[in-house]
Amino acid sequence: MKDYLKQYPDEKGFFGKWGGSFVSEELQAEMNRIRDAYFKISKSHDFINELRSIRKHFQGRPTPVYYCKRLSEACGGRIYLKREDLNHSGAHKLNHCMGEVLLAKYMGKKKVIAETGAGQHGVALATAAAYFGLECDIHMGEVDIAKEHPNVVRMKLLGANVIPATQGQKTLKEAVDSAFEAYLKDPVNTLYCIGSVMGPHPFPMMVRDFQHIVGVEAREQFLEMTGELPDAVTACVGGGSNAMGIFSGFIQDEDVALFGVEPSGRSLKLGDHACSLSYGKEGVLHGMRTYLLTDEKGNPAPVYSIASGLDYPGSGPEHCMLKDKGRVTYTTANDKECLEAFYKLCRYEGIIPALESSHAVAFAMKYAKENPQKSILVNLSGRGDKDIDFVVDNYGTGDEYFN
Ligand SMILES: *Cc1c(COP(=O)(O)O)cnc(C)c1O
């Protein structure tokens with residue numbers, strides 16, 4: 001795994017056999033333009049310095065690494081958090097959005113466009129667009145618009161247009177379809193900013209590179225704090241951007257075990273979960289070869305998770321490769337485990353986590369219990385303010401866990 005980041009993806013955007021760019025000729029021409037611009041611009045001193053300055057002065061980076069004393073005492077083991085919930089706008093997504101919109105600016109684009117699931121990517125992109133003074137269109141499933149009201153309001157306040165996706169299940173997958181379609185109508189003035197390490201090349205690579213800062217910081221901070229590397233690092237996996245961000249900082253440290261956590265939802269019946277790496281099979285979706293959850297007809301299956309940001313039937317291609325190589329272990333946490341972790345992080349640490357991130361916390365709690373002498377670092381991808389009404393209205397305040 002030497003020089004890992006330089007080695008993957010290959011020139012055509014493949015991570016082993018995964019990824020690539022399975023798109024129309026028309027879209028391919030745009031992807032090539034974006035790729036060439038990214039390779040050129042991302043190496044320029046102006047770009048690097050501007051991004052560095054934004055991260056420090058606007059985003060509030062570096063975000064801290066934090067030791068969960070009370071949660072660790074309750075579980076055994078040592079649980080640490082990389083606090084991406086403290087990143088400006090409340091999640092890791094601003095890391096790639098500031099990079100993508102900065103690229104849009106250097107490319108002379110007037111507008112950015114994207115899909116969003118829980119609304120986190122939409123808010124992050126709207127934030128970045130406001131910062132740079134670009135127009136912003138966000139496509140969002142109707143179901144998610146109803147569920148994630150505060151984020152919809154945020155996007156509007158930040159000046160974005162929120163465009164409802166009304167087809168099919170009316171969630172993330174349909175929002176991606178709708179955004180791709182709109183993008184093709186005006187690719188010259190627009191940059192499509194994908195919200196995770198997915199889609200056609202160069203997006204899985206670009207988004208990973210912009211998220212890489214999380215892993216770089218976390219590794220340095222953990223070393224400084226403890227004098228050693230963590231025994232394990234974990235993150236939840238929807239498309240897989242927060243996971244690739246933190247994993248990429250440790251991928252060459254072969255003694256550090258890496259765990260990606262997928263949402264096993266209500267049950268392992270098709271339609272009740274979104275564990276594409278654990279239970280999917282090879283397929284093509286949204287321009288990439290990926291592990292895909294499919295129905296009997298081979299179409300992308302309906303998926304579900306209590307966390308809107310995780311309900312996607314595919315996964316970033318780099319994760320598919322890392323699974324095959326065995327470098328990352330992919331595991332699952334269900335809705336119930338996620339909720340327990342959510343409540344426990346609230347009460348033991350005074351931190352309200354996003355439901356997405358709570359899946360990784362749930363795994364860390366399990367790992368800590370089974371490995372009392374070991375340390376585990378969780379990428380706490382976002383804060384849970386967006387989820388509190390939904391959780392309390394449907395599941396209460398969690399008192400039953402503390403009697
Ligand atoms: C969107 C989101 C995720 C899932 O996206 P990845 O690309 O898998 O990281 C996880 N956590 C939070 C807080 C999110 O907003």
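Residues numbered from 1 in each chain as written. Predicted model: local features only at pLDDT ≥ 70, side-chain atom pairs only at ≥ 80, totals over all residues. Heavy atoms only, no water.

This brings us to helix H11 (residues 241–248). The element H11 is extensively covered by neighbouring structure, given that eight of its eight residues are classed as buried. Considered for burial, the residues of H11 that qualify are Ser-241, Asn-242, Ala-243, Met-244, Gly-245, Ile-246, Phe-247 and Ser-248. (Buried < 20%, exposed > 50% of the residue type's maximum accessible area, 1.4 Å probe, protein only. Helix = DSSP H or I, 4+ residues; strand = E, 2+ residues; numbered from the N terminus.)

Read from one edge of the open sheet, six strands run S3-S4-S14-S9-S10-S13, paired in mixed fashion. The open sheet terminates on both sides in strands that have one partner only, identified here as strand S3 (65–67) and strand S13 (328–334). For this sheet, the mean angle separating the axes of adjacent strands, direction not counted, is 30 degrees. With six bridges joining them, strand S4 (residues 78–83) and strand S14 (residues 375–380) adopt parallel strand pairing. Across the sheet, residue Arg-83 finds its bridge partner in S14, namely Leu-380. (Pairing = 2+ DSSP bridges. Axes fitted to C-alpha atoms, helices over the stretch in contact; angles between N-to-C directions.)

Inspection of every chain in the model, using the stated rule, returns 23 salt bridges. Its salt-bridge partner being Glu-282, residue Lys-17 comes within 2.7 Å of it at the nearest N-O pair. On the criterion of sequence distance, the pair formed by Lys-17 in the loop between strand S1 (14–15) and strand S2 (18–19) and Glu-282 in strand S11 (residues 281–285) is long-range, its members being 265 residues apart. What makes Lys-17 partly exposed here is its relative accessible area of 41%. Judged by relative accessible area, Glu-282 falls into the partly exposed class, the value being 44%. Notably, a salt bridge pairs Lys-344 with Glu-340, separated by 2.8 Å at the nearest N-O pair. Of the two residues, Lys-344 and Glu-340 both sit in helix H14 (residues 335–349), four residues apart, roughly one turn of that helix. For Lys-344, a relative accessible area of 15% puts it in the buried group. Within the structure, one salt-bridge network assembled from shared partners comprises Arg-61, Lys-82, Glu-84 and Glu-217. (Salt bridge = Lys/Arg side-chain N within 4 Å of Asp/Glu carboxyl O.)

A separate point is the nonpolar core. Grouped together as the largest cluster of nonpolar side chains are 52 residues, with contacts concentrated most on Ile-34, Leu-103, Val-112, Leu-125, Cys-136, Met-155 and Tyr-192. Among residues more than four places away in sequence, those in contact with Tyr-192 are Ile-113, Ala-114, Glu-115, Val-176, Ala-179, Phe-180, Tyr-183 and Phe-203. Within the second largest apolar cluster, 34 residues are counted, among which are Cys-75, Ala-307, Tyr-367 and Val-378. (Core = buried A, V, L, I, M, F, W, Y, C linked by side-chain atoms within 4.5 Å. Contact = heavy atoms within 4.5 Å.)

Looking now at the side chain of Ser-72. Tracing the backbone shows Ser-72 in helix H4 (residues 69–75). For Ser-72, a relative accessible area of 3% translates into the label buried. Ser-72 has contacts with Tyr-67, Gly-77, Arg-78 and Ile-79, leaving out every residue within four places of it along the chain.

On to unusual backbone geometry, then. Residue Pro-62 is reached from Arg-61 by a cis peptide bond, and omega for that bond is 0 degrees. At the junction of His-201 and Pro-202, the peptide bond is cis and its omega measures out at 10 degrees in the coordinates. Position of Pro-202 relative to the elements: it lies in the loop between strand S8 (190–192) and helix H10 (203–226). Here Ser-89, not a glycine, exhibits a phi torsion of approximately 75 degrees, which is positive.

What follows concerns the packing of H11 against helix H13 (residues 317–325). With their axes 10 Å apart at the nearest point, H11 and H13 run at an angle of 55 degrees to one another. Comparing the axis directions of H11 and H13 gives the class oblique. The crossing of H11 and H13 is left-handed. Packed against H11, whose contacting residues are Ala-243, Met-244 and Phe-247, the element H13 presents Glu-318, His-319 and Leu-322 at the interface. The residue makeup of the contact of H11 with H13, split by class, is four nonpolar, one polar and one charged. (Parallel < 35°, antiparallel > 145°, perpendicular 65-115°, else oblique. Left-handed = near helix turned anticlockwise from the far one by under 90°. Nonpolar A, V, L, I, M, F, W, Y, C, P; charged D, E, K, R; others polar.)

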